Amino acid sequence: MAIYLDYAATTPVDTRVAEKMIAYLTTDGVFGNPASSSHQFGRDASRAIEEARDNVARLIGANPKEIIWTSGATESNNLAIKGCALFNQKKGKHIITSKTEHKAVLDTCAFLAREGFEISYIDPDKNGVITADAVRSLLRDNTILVSVMYVNNETGIINEIDKIGQLTRERGIVFHVDAAQATGKLPINVQRSNIDIMSLTAHKIYGPKGIGALFICRKPRVRLQAQIHGGGHERGFRSGTLPTHQIVGMGEAYRIAKEELEKGTIHTQQLSQRLWDGIKLLPVSINGANAPRVENVLNVRFDNVGSVETGMLVQALEEQGLAVSAGSACISASFEPSYVLTAMGFDREQAANSIRFSFGRMTTTQEVDEAIRIISDAVHQLQK
Ligand SMILES: *Cc1c(COP(=O)(O)O)cnc(C)c1O
């Protein structure tokens, strides 16, 4: 069996979550359409959905009325950014985001740029952090939206969310946060952080793929233009029959995430430290070493390993049964050096020689020890 150290790309579904989901599919389960309020089948499904909504809201300090279901963080980012931009375009057409965002944000902003919006891209500071000062320096009178991710998916770096929230709230500018990599890893509170819209997903924290949510603040009230029409589900923000089993799975994953936040953090911290202790004598450094980071991601850069071409180390590790990622999963297919790392000031070769290890609930110390052996062998082999 190969060792999986790519939890930041996706996680397996927790068995407790899978067991719960199964009860919402078949004829002996709760299969009704949650919008069918005329009978018990529908009302049972609707009750399960509201319970899940409660669990999602609880993890982030929101009111359940502020949560709407989507198909994942990609859709949530699209709805948040396009929805906000299109609703507010008479007020202004300037948007601020960062160079280290996920493609779901960057490609959405590129689309809006073609539609006549102006986008400013924040550079990370010398440590790799997106700061409030950087946001402040780009603000204009016609800025309508600031979109900055909570935690970077490649490096695990935590951005200055609280400070940016304070700034945008003072100026009355909408603040959107992609929190796909932050939930279940950090204590999140949308009120404390003055976040207006926040994208969530299930499959990065032991829930199923294909389900996510968007937090939309009610006080102050945030207005968005819907991107999917038909039926008026989810208070008109997002139409479509709700996938009960998926939603129940997300709710259970978020409930467990809240319950096990501290335990999970300690677990991944120990694993990450163990891996680092096992490889630190190799020619290796941590990317983002001076930035605040989440514990479950360790992005490292190998130096002086001879002619390591883009993707060669990852490939060598894969052949030895270690599944990791070079940068994010979406770019590794095309073997382009990570744009996140180059934005942080690394050259293409440094970015190409970087690897993201990410740990999770099911990772064991034995797996980490085996990974250390595989990495050491592969690096020594390539050094020859
Ligand atoms: C995984 C991820 C996404 C995409 O989420 P999906 O639910 O897979 O669409 C968006 N942003 C970040 C930061 C991610 O890590």
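What you are looking at is a predicted structure, and each value in this text was computed from that prediction instead of being measured.

S.K.: Whenever I open this one, the overall build of the protein chain confuses me. Can you help?
M.R.: Along its length, the protein chain carries 13 helices and 12 strands. Radius of gyration (C-alpha) of the protein chain: 21 Å, near the 21 Å computed for a compact globule of 384 residues. Principal-axis analysis of the C-alpha atoms places the extent of the protein chain at approximately 70 × 55 × 35 Å. Burial statistics for the protein chain: of 384 residues in total, 56% are counted as buried. Long-range contacts, defined here as pairs at least 24 residues apart, represent 72% of the contacts in the protein chain between residues at least 6 apart. Each charge sign in the protein chain was given a centre, from 42 positive and 42 negative side chains, and these centres are 7 Å apart.

S.K.: Would you mind showing me how to read unusual backbone geometry here?
M.R.: In this structure, the amide linkage connecting Lys 219 to the following residue, Pro 220, adopts the cis form with an omega of 0°. Within the secondary structure, Pro 220 is located in the loop between strand 8 (212–216) and helix 7 (244–259). Even without glycine at this site, Tyr 206 takes up a positive phi of about 70°. Following the sequence through the fold, Tyr 206 ends up in the loop between strand 7 (197–201) and strand 8.

S.K.: Sorry, what's going on with the pairing of strand 10 (residues 297–302) here?
M.R.: The side chains of a regular strand alternate, first on one face of the sheet and then on the other. Of all 6 residues making up strand 10, 6 are buried, and the element is well covered by its neighbours. Neither face of strand 10 is open: one carries Val 297, Asn 299 and Arg 301, the other Leu 298, Val 300 and Phe 302, and all of them are buried. Where strand 9 (residues 284–286) lies against strand 10, 3 bridges are found, and the strand directions are antiparallel. In the sheet register, Ile 286 faces strand 10, and the bridge partner there is Val 300. Judged from the 5 bridges that link them, strand 10 and strand 12 (residues 354–358) form a sheet pairing that is antiparallel. Within strand 12, the residue paired with Val 300 across the bridge is Ile 355.

S.K.: I keep staring at the sheet that holds strand 2 (residues 67–70) and nothing clicks. Help me out?
M.R.: Each strand in a sheet pairs with its neighbour through backbone hydrogen bonds, running either in the same direction (parallel) or in the opposite one (antiparallel). Taken in spatial order, the 7 strands of this open sheet run 2-8-7-6-5-3-4, and their pairing is mixed. Looking at which strands have only one partner, the edges of the open sheet turn out to be strand 2 and strand 4 (118–122). The mean inter-strand angle of the sheet, taken between neighbouring strand axes irrespective of direction, is 20°. Across the sheet, helix 3 (residues 73–87) touches strand 2, strand 3 (94–98), strand 5 (143–147), strand 6 (174–178), strand 7 and strand 8, and the angle it forms with strand 7 is around 165°.

S.K.: What should I look at first to understand the packing of helix 9 (residues 312–319) against helix 13 (residues 365–383) in this one?
M.R.: Relative placement of two packed helices is described by the angle separating their axes and the distance separating the axes. With their axes 10 Å apart at the nearest point, helix 9 and helix 13 run at an angle of 130° to one another. By the angle between their axes, helix 9 is oblique relative to helix 13. The handedness of the crossing between helix 9 and helix 13 comes out as right-handed. Judged by residue contacts, Met 312, Leu 313, Ala 316 and Leu 317 of helix 9 engage Ile 374, Ile 375, Ala 378, Val 379 and Leu 382 from helix 13. Residues belonging to the contact of helix 9 with helix 13 are distributed by class as follows: 9 nonpolar, no polar and no charged.

S.K.: Would you mind going over the nonpolar core with me for this structure?
M.R.: The nonpolar side chains of a soluble globular protein tend to be buried, and buried together. If you look at the biggest cluster of nonpolar residues, it comprises 76 residues, and the most contacted ones within it are Ile 60, Trp 69, Tyr 150 and Met 198. Of all hydrophobic cores here, the second largest spans 30 residues; its members include Ile 3, Leu 282, Val 300 and Phe 357.

S.K.: When you look at helix 4 (residues 103–114) in this model, what are you seeing that I'm missing?
M.R.: Since there are 3.6 residues in each turn of an α-helix, residues three or four apart along the chain are aligned in direction. For helix 4, spanning 12 residues, the distance from its first C-alpha to its last is 16 Å, which sits close to the expected 16 Å at 1.5 Å a residue. The positive-phi residue at the C-terminal boundary of helix 4 is Gly 116, with phi of around 105°.

Rules used throughout
- Residues numbered from 1 in each chain as written.
- Predicted model: local features only at pLDDT ≥ 70, side-chain atom pairs only at ≥ 80, totals over all residues.
- Heavy atoms only, no water.
- Helix = DSSP H or I, 4+ residues; strand = E, 2+ residues; numbered from the N terminus.
- Rg over C-alpha atoms; globule rule 2.2 N^0.38 Å.
- Buried < 20%, exposed > 50% of the residue type's maximum accessible area, 1.4 Å probe, protein only.
- Contact = heavy atoms within 4.5 Å.
- Lys, Arg positive; Asp, Glu negative; His and termini not counted.
- Charge placed at Lys NZ, Arg CZ, Asp CG, Glu CD.
- Pairing = 2+ DSSP bridges.
- Axes fitted to C-alpha atoms, helices over the stretch in contact; angles between N-to-C directions.
- Parallel < 35°, antiparallel > 145°, perpendicular 65-115°, else oblique.
- Left-handed = near helix turned anticlockwise from the far one by under 90°.
- Nonpolar A, V, L, I, M, F, W, Y, C, P; charged D, E, K, R; others polar.
- Core = buried A, V, L, I, M, F, W, Y, C linked by side-chain atoms within 4.5 Å.
- Expected span 1.5 Å × (residues − 1).

What is shown is where atoms sit, not what they do.
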